[in-house]
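# Fold and geometry: a report
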Amino acid sequence: MKHLLTVIAILLAFACCTTEAERNRMRAELDSINQRNRNDQPFTAADVQPCVDFFDDHGTPNDRLLAHYLLGRAYHDHGEAPMALQCYQDAIDCADTLSVGCDYPQLARVYAQMAQIFYEQGLYKEQLHHTKQSSKFAWMGKDTLAALMSYAQSGQAYRNLKMHDSLILVCEHVAKLYKRCGYPEYAARTLGYTLSTLISNNELEKARQYMHTYESKSGYFDSLGNIEVGREIYYKTKGLYFLHTNVLDSAEYFFRKELRDGKDFGNQNSAANGLALLYHKTHKPDSIAKYAICAYTMLDSVYAQRSTKEVERLQALYNYTRHQEIARREQERASAEKEKRQFSIAILFLVTFLAVLIIRKLYVDRKRRQVQYIQNLEHDCHKRIII
């Protein structure tokens with residue numbers, strides 16, 4: 001029996017274990033890719049997939065969480081948003097949130113990346129849900145800055161959902177938390193989210209205060225008051241503020257500044273709309289201003305319809321991809337279970353075969369000893385009779 005147990009232990013160890021050297025090598029590879037991700041250095045899905053395969057079989061929940069997250073980052077960086085979302089969902093499924101050792105900060109990053117994709121696709125309800133989850137797990141992981149940043153991103157989602165009261169409430173609250181925790185620049189940036197809504201609500205004094213905070217403490221402006229490249233849309237907001245306060249020369253200055261500095265379609269369209277509103281308010285006699293308002297209103301409508309169709313297409317693509325992936329994973333899981341059953345049956349057969357051999361050998365040895373014992377007794381009796 002001792003020999004039988006030894007053989008079984010050797011077989012199980014050979015089938016189920018990996019060497020410590022291989023584990024260390026794969027862990028080093030995963031850490032290397034993670035560092036490249038943090039440094040914004042490129043890597044591909046092919047670089048990460050071996051780590052995913054290895055740690056799915058031999059890793060901890062945190063290992064699997066990180067591996068699937070990095071695979072999602074690789075897909076996202078190469079423009080494959082549906083596959084990235086699938087990988088992020090797989091990463092979430094790997095996390096053991098009931099364990100005290102769960103990597104909550106990493107889990108928060110997964111939700112934050114998903115929220116970013118939903119924002120890019122215009123799926124703002126999904127963005128809002130995932131920013132809340134990201135903030136929740138960042139708090140659990142004691143990552144204060146990440147928690148506040150995710151909380152602030154929920155304000156962005158509220159703005160896009162036209163939930164203006166929620167937008168202002170969240171942004172003002174998180175700005176206070178930023179200042180309390182020693183992040184005044186983040187507080188100022190968060191208040192910048194509220195400016196358009198405050199101006200539309202005619203809360204002009206609060207808008208003026210927040211504009212001053214945004215310009216003086218956000219870190220986005222140079223010494224001449226120019227905002228950094230890519231954020232020129234702010235000039236439209238400031239122009240609207242002056243338009244509402246009837247400082248029309250300043251309003252025209254900032255609308256034209258956006259038209260001059262913001263070269264992309266969004267800024268050009270936004271600046272033109274601002275100028276059209278200005279011309280309309282100054283009652284210009286020509287029909288150009290009226291035509292501009294109508295033209296850009298129609299252009300906005302066409303753009304909105306195009307965006308809606310694109311969102312619906314992306315949502316359908318995501319759902320289709322998600323269903324495909326679920327079906328694929330179920331098929332792989334079934335195949336894996338079948339292989340496990342076949343392996344178990346083979347082990348059981350081998351163990352049974354070895355057990356039969358050992359029992360048969362023990363039985364034969366016992367019979368041989370019994371025969372030998374009887375023969376020895378008969379031999380002794382024969383000797384005594386002769387004597």
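Structure shown above.
Residues numbered from 1 in each chain as written. Predicted model: local features only at pLDDT ≥ 70, side-chain atom pairs only at ≥ 80, totals over all residues. Heavy atoms only, no water.

### Describing the overall build of the protein
Looking only at helices and strands, one finds 16 helices and zero strands in the protein. Counting every position in the protein, which comprises 387 residues, the buried fraction comes to 36%. Contacts spanning at least 24 positions in sequence make up 56% of the contacts within the protein whose residues lie at least 6 apart. When the accessible surface of the protein is split by element, carbon and sulfur atoms take 57% of a total near 23500 Å². (Helix = DSSP H or I, 4+ residues; strand = E, 2+ residues; numbered from the N terminus. Buried < 20%, exposed > 50% of the residue type's maximum accessible area, 1.4 Å probe, protein only. Contact = heavy atoms within 4.5 Å. Areas by Shrake-Rupley, 256 points an atom, 1.4 Å probe, with all protein chains shown as cover.)

### Thoughts on the packing of aromatic side chains
Each aromatic ring pair is specified by the distance between its two centres and by the angle formed by the two planes. Tallied over the full model, the rule gives 16 aromatic pairs. Their ring planes at 90 degrees and their centres at 5.1 Å tell us that Phe54 and Phe55 sit as a pair that is edge-to-face. In terms of burial, Phe54 and Phe55 fall into one category: buried. Their ring planes at 10 degrees and their centres at 5.7 Å tell us that Tyr111 and Phe137 sit as a pair that is stacked. Of this pair, Tyr111 sits in helix H6 (residues 104-121) while Phe137 is found in helix H7 (residues 124-140), placing the two residues 26 residues apart along the sequence. Accessibility classification places Tyr111 together with Phe137 in one group, the buried group. (Phe/Tyr/Trp six-rings, centres within 6.5 Å; stacked < 30°, edge-to-face > 60°.)

### As for the environment of Ala251
Assignment of secondary structure puts Ala251 in helix H14 (residues 248-261). With 23 residues separating them in the primary sequence, Ala251 and Gly274 have C-alpha atoms 8.5 Å apart. Beyond its immediate sequence surroundings of up to four residues, Ala251 is in contact with Gly239, Phe242 and Leu243.

### Some points on H14
With 14 residues, H14 ought to run about 20 Å at 1.5 Å a step, and its terminal C-alpha atoms sit 20 Å apart, in line with that. Residues Ala251, Phe254, Phe255, Lys257 and Glu258 constitute the buried set of H14. Projected down its long axis, H14 carries its buried residues within an arc of 155 degrees, all on one side. Each element contacted by the buried residues of H14 is listed here: helix H13 (233-244) and helix H15 (265-281). (Expected span 1.5 Å × (residues − 1). Arc of directions from axis to C-beta.)

### Quick notes on a nonpolar patch on the surface
A contiguous nonpolar patch, built from Phe349, Leu350, Phe353 and Leu357 and spanning about 400 Å² of accessible area, is present on the exposed surface. Note that Phe353 resides in helix H16 (residues 288-386). (Patch = residues over 30% accessible without salt bridge, like charges linked within 9 Å, V, L, I, M, F, W, Y side chains within 5 Å. Salt bridge = Lys/Arg side-chain N within 4 Å of Asp/Glu carboxyl O.)

### Considerations on the environment of Gln121
If you trace the backbone, Gln121 turns up in helix H6. Residue Gln121 is classed as buried on the basis of its relative accessible area of 6%. Sequence separation between Gln121 and Ala81 is 40 residues, and the spatial gap between their C-alpha atoms is 9.1 Å.

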